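# Reading the structure
So the chains spell out like this:
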Amino acid sequence: WQVQNGRISGGHDDPGLPTLKCTENVVKIQQNYLKALKRLGVSGFRIDAAKHMTLEHIQQVWDEDISEGTHIFGEIITDGGSPKEEYELFLKPYLKDTRLGAYDFPLFHSLFKVFEKGHPITDLANPYSVGQALANDRAITFATTHDIPNNDVFLNQVMSEDNERLAYCYLLGRDGGVPLIYSDLDTSGIMANNGQPRWLDSWQSPVLQKMIKFHNLAHCQTMHSFEHSDELLMFQRGEMGIVVINNGSVAKTVSLPTGSYADLLEMEGTQLFAEENKAANSEIKNDVSYNIRLAAKSCAMLVRI
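So, here is what we can say about the structure in this document. Not measured: the values here are computed from a predicted model.

What follows deals with the pattern of salt bridges. Counted according to the given criterion, the structure contains 10 salt bridges. Where Asp175 meets Arg237, a salt bridge forms, and the shortest distance between an N and an O atom there is 3.8 Å. Taken together, the positions of Asp175 in the loop between helix 8 (161–173) and strand 5 (178–179) and Arg237 in strand 7 (residues 232–237) put the pair 62 residues apart, joining distant regions of the chain. Judged by relative accessible area, which is 28%, Asp175 ranks as partly exposed. Each of Arg46, Asp48 and Glu75 takes part in a single network of salt bridges with overlapping partners.

This is how it looks when you write it as structure tokens:
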């Protein structure tokens, strides 16, 4: 009740933002604003603090007319997926009774636990099946949002650079959701390992650009997870390519399905090599299989050639 009826406050000394009553006049004014933005060409909306609005209010404002031809998603912060209390109270009813998208906080917490807390990477093989990710057509996936590095209460959810890179590889390699790439103007003051602002123009990072390229190439390709252990996850996207993530503390070598590959990322310590399979009968043409060696805490995005 407090979340959806009280003021949104920054602390005891902050009077906070008042909550608007869901009246016909409030809904009309908000819809007129959204319609004006659509006439200007705006094609999507993020509902800030959607968790603090009643479901009735959201349903009335974002009706079929407003939602037509528009990508809309809500910010409903939770501390995980099912059966976490915040998920059951706020996100689950929103997903059930609207057709709108939402930030995939359940998946984010799964990523954080795997890459920062050492949980088995098998948790990412199919997180939706165990209630730890949103449906593919509803999810806005992310490795960080504006709140995480900029609000004290979320600072403990900032991943290390290496782990954030692995999280992006997973998000941009997998099938499902619309990935959000976070970038800022150094609002947090957090520095990267190279001494530069951590997320300033981060979308221009060469590695991120290559990951985005893979995502675009693999768009609409089916996903099949075919090898995973506590530290290694490998999945295929149709016939187009393969993603391999080594979350372990030592290098690993894995065999790849038949085919020739190019590694888009070419991360340090990653080596793609062919191995000839000697045939017992010299008249039979020898087969060639491909392996990849990944350094600790590294990943590869392979495209068939």
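The strand order 1-2-3-4-5 describes an open sheet built from five strands, whose pairing is parallel. Looking at which strands have only one partner, the edges of the open sheet turn out to be strand 1 (44–47) and strand 5. Across two bridges, strand 4 (residues 139–141) lies against strand 5 in parallel orientation. Bridge pairing links Thr141 to Pro179 in strand 5.

A few words on the sheet that holds strand 13 (residues 298–304). As summarised here, the arrangement of the five strands in space is 6-7-8-13-10, forming an open sheet in which the pairing is antiparallel. Each edge of the sheet is formed by a strand with only one pairing partner; in this case those strands are strand 6 (223–228) and strand 10 (261–263). If you compare each strand with its neighbour and ignore which way they point, the axes differ by 20° on average. Pairing between strand 10 and strand 13: three bridges, direction antiparallel. Bridge pairing in strand 13 links Tyr261 to Arg304. The strands touched by helix 8 are strand 7, strand 8 (241–246) and strand 13; relative to strand 13, the strand with the most contacts, the crossing angle is about 30°. Its contacts with the sheet put helix 9 (residues 206–218) on strand 7, strand 8 and strand 13, and the angle it makes with strand 13 is roughly 40°.

Between its first and last C-alpha, helix 5 (residues 85–97) extends 18 Å over 13 residues, near the 18 Å set by a 1.5 Å rise per residue. Where helix 5 bends most, the angle comes to about 35°, and this point is Leu91, followed within four residues by the proline Pro93. By the burial criterion, the buried members of helix 5 are Tyr87, Phe90, Leu91, Tyr94 and Leu95. In this structure, the buried side of helix 5 is in contact with helix 1 (2–5), helix 3 (55–61), strand 2 (71–74), strand 3 (101–103) and helix 6 (105–115).

Turning next to the nonpolar core. Residues Leu111, Phe115, Leu124, Tyr170, Met211 and Ile245 are the most contacted members of the largest nonpolar core, which totals 44 residues. Taken together, the elements giving at least two residues each to this core come down to helix 6, helix 8, helix 9, strand 7, strand 8 and strand 13. Those residues within four positions of Ile245 in sequence are excluded, and the remaining contacts are Phe115, Ile121, Leu166, Cys169, Tyr170, Glu231, Leu232, Leu233, Ser298 and Cys299. The next biggest cluster of nonpolar side chains, apart from the first, holds 21 residues, and it includes Phe45, Ile47, Tyr87 and Tyr94.

This part takes up the side chain of Gln31. As for its position among the elements, Gln31 is in helix 2 (residues 24–39). Taking relative accessible area as the criterion, Gln31 reaches 12% and is therefore assigned buried. Setting aside anything within four residues of it in sequence, one finds Gln31 in contact with Gln60, Val61, Asp63 and Ile66.

Relative to strand 2, strand 1 runs parallel, the two sharing four bridges. Paired with Gly44 across the strands is His71, a residue of strand 2. Looking at chain direction, strand 2 and strand 3 are connected through two bridges and run parallel. Opposite Gly74, over in strand 3, you have Ala102 as the bridge partner. For the crossover that starts at strand 2, traverses helix 5 and ends in the parallel strand 3, the hand is right-handed.

Time to look at the pairing of strand 6. Looking along a regular strand, one sees side chains alternate from face to face of the sheet. Pairing of strand 6 with strand 7 involves five bridges; the strand directions are antiparallel. Paired with His228 across the two strands is Leu233, which belongs to strand 7. In this antiparallel pair of consecutive strands, strand 6 and strand 7, the connection spans three residues.

Thresholds applied
Residues numbered from 1 in each chain as written. Predicted model: local features only at pLDDT ≥ 70, side-chain atom pairs only at ≥ 80, totals over all residues. Heavy atoms only, no water. Salt bridge = Lys/Arg side-chain N within 4 Å of Asp/Glu carboxyl O. Helix = DSSP H or I, 4+ residues; strand = E, 2+ residues; numbered from the N terminus. Buried < 20%, exposed > 50% of the residue type's maximum accessible area, 1.4 Å probe, protein only. Pairing = 2+ DSSP bridges. Axes fitted to C-alpha atoms, helices over the stretch in contact; angles between N-to-C directions. Contact = heavy atoms within 4.5 Å. Expected span 1.5 Å × (residues − 1). Bend = angle between axes of the 7 residues up to and from the residue. Core = buried A, V, L, I, M, F, W, Y, C linked by side-chain atoms within 4.5 Å. Right-handed = clockwise from strand over helix to strand, strands pointing away.

Worth remembering: the numbers are spatial, not functional.
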